[in-house]
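Structure assessment
So you can see what is in the structure, the chains are spelled out below.
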Amino acid sequence: PPPGVRRAEGKMAAPVSEVSPVLEPGAAPYGNFPNYSRFHPPEGRVSLLPGGLLRSLFPAAARPLLGLDVGCNSGELSVALYRHLLGLQESEGSLDQPAAGKDLNLLCCDIDPVLIERAQQCSPFPASISFANLDIMDSSAREPFLSSYLGRFGRSTFDIGFCMSVTMWIHLNHGDNGLMEFLSFLSSLCKYLLIEPQPWKCYRAAARRLRKLGRNDFDHFRSLAINGDMAERITQILTKDCAMELVCCFGSTSWDRSLLLFKSNGSNYEGRESSEQEQ
């Protein structure tokens, strides 16, 4: 592994900013809620995605496909997505499906080391789903780490990225510029991108929770110029500034969040892809 990145017992870890593992209820400034899947179950998202999605998006692509899940929390949604995309039953793990990793390898990262440790301990697909403690906004950590992972497959890009209810936390903690940089980075790294943006009412609720606990407000909340209809604003950023096109909206979850699928159509991603093929 590159300097500063450690790997132990087959598990991946990367440098990350200090995140307190002890959180009062509701106080999760990075969205790192310890029981997130209990109040937003994975089935609410995966049921919106059509069966055979990977076959339709990548009919002739070499396998394994590579996926990146940013902000994976403790991994329940990552595993549910993996099962759904490969058509595996709820009861099936890597012992039942040893060939699963030949179709799709998934790298899942989160800023919270405690959540990542739980994900590693509970994963039914340890050979093909990797969980990593990584601050995706720390370019000095993410660049060598992601390059190292992709290099194991002779690749420089991911086939598909997942960003499920993460954009608000990037936005609140890093401001308008941080959100735009995050989306630009993902669009350059992934051929397809599935995003579930939080609506603006969630921003207000997150800020209200912090204030109720007597904590300081998010640094950027009151100065965000990118606001309002966040699904529309994020679509505008990706299509106008990041050379992506909106392929499909798979509908909305019961908690009013849209699932949006984008495809790269620009030089940034294709430049990385073509240089990779020339090597």
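Our subject is the structure listed above.
Quick look at the structure, then. (Residues numbered from 1 in each chain as written. Predicted model: local features only at pLDDT ≥ 70, side-chain atom pairs only at ≥ 80, totals over all residues. Heavy atoms only, no water.)

One way to put it is that helix H7 (residues 139-151) packs onto helix H8 (residues 167-189) with a least axis distance of 13 Å and a crossing angle of 20°. Taken together, the axes of H7 and H8 lie roughly parallel to each other. Of the two possible hands of crossing, H7 and H8 adopt the one that is right-handed. Each of Arg-142, Glu-143, Leu-146 and Leu-150 in H7 lies in contact with H8, whose residues at this interface are Glu-181, Phe-185 and Leu-189. Of the residues assigned to the contact of H7 with H8, the class counts are four nonpolar, no polar and three charged. (Axes fitted to C-alpha atoms, helices over the stretch in contact; angles between N-to-C directions. Helix = DSSP H or I, 4+ residues; strand = E, 2+ residues; numbered from the N terminus. Parallel < 35°, antiparallel > 145°, perpendicular 65-115°, else oblique. Left-handed = near helix turned anticlockwise from the far one by under 90°. Contact = heavy atoms within 4.5 Å. Nonpolar A, V, L, I, M, F, W, Y, C, P; charged D, E, K, R; others polar.)

With that out of the way, let us pick up the nonpolar core. Counting 48 residues, the largest nonpolar core has Leu-68, Ile-136, Leu-146, Phe-158, Leu-172, Phe-182 and Leu-238 as its most contacted members. Sort the elements by how many residues they give to this core and H8 lands first, with ten residues. Apart from residues lying up to four places away in sequence, Leu-68 is in contact with Leu-106, Leu-107, Cys-109, Leu-146, Phe-158, Ile-160, Gly-161, Phe-162, Leu-186 and Leu-189. Core analysis: the second largest hydrophobic core is formed by 31 residues, Leu-81, Leu-104, Leu-194 and Leu-261 among them. (Core = buried A, V, L, I, M, F, W, Y, C linked by side-chain atoms within 4.5 Å. Buried < 20%, exposed > 50% of the residue type's maximum accessible area, 1.4 Å probe, protein only.)

Before going further, it helps to examine the environment of Ser-147. Within the secondary structure, Ser-147 sits in helix H7. A relative accessible area of 44% means that Ser-147 is categorised as partly exposed. Within the structure, the side chain of Ser-147 is placed 2.8 Å from the backbone oxygen of Glu-143, a separation counted as a polar contact. (Polar contact = N/O pair within 3.5 Å; in protein donor to acceptor, adjacent residues only side chain to side chain.)

Here the focus is the packing of H8 against helix H10 (residues 230-241). Their axes nearest at 9 Å, the elements H8 and H10 cross at an angle of 30°. Note that H8 runs across H10; the crossing there is right-handed. Here Thr-167, His-171, Leu-179, Met-180, Leu-183 and Ser-187 of H8 lie close against H10, whose contacting residues are Met-230, Ile-234, Ile-237, Leu-238 and Asp-241. A class-by-class count of the residues in the contact of H8 with H10 yields seven nonpolar, three polar and one charged.

Quick look at the sheet that holds strand E8 (residues 244-252) now. If you walk across this open sheet you meet the seven strands as E5-E4-E3-E6-E7-E9-E8, and the pairing is mixed. Edge positions in the sheet fall to strand E5 (129-133) and E8, since each of these pairs with one other strand and no more. Strand after strand, the sheet turns through a mean of 20° between neighbouring axes, direction not considered. Both E8 and strand E9 (residues 258-264) contribute to a ladder of six bridges, which runs antiparallel. In the sheet register, Cys-248 faces E9, and the bridge partner there is Leu-261. On top of the sheet, helix H6 (residues 113-122) reaches strand E4 (104-110) and E5; it is set at about 160° to E5, its chief contact. Lying over the sheet, H7 contacts strand E3 (65-70), E4, E5 and strand E6 (158-164), oriented at roughly 165° with respect to E4. (Pairing = 2+ DSSP bridges.)

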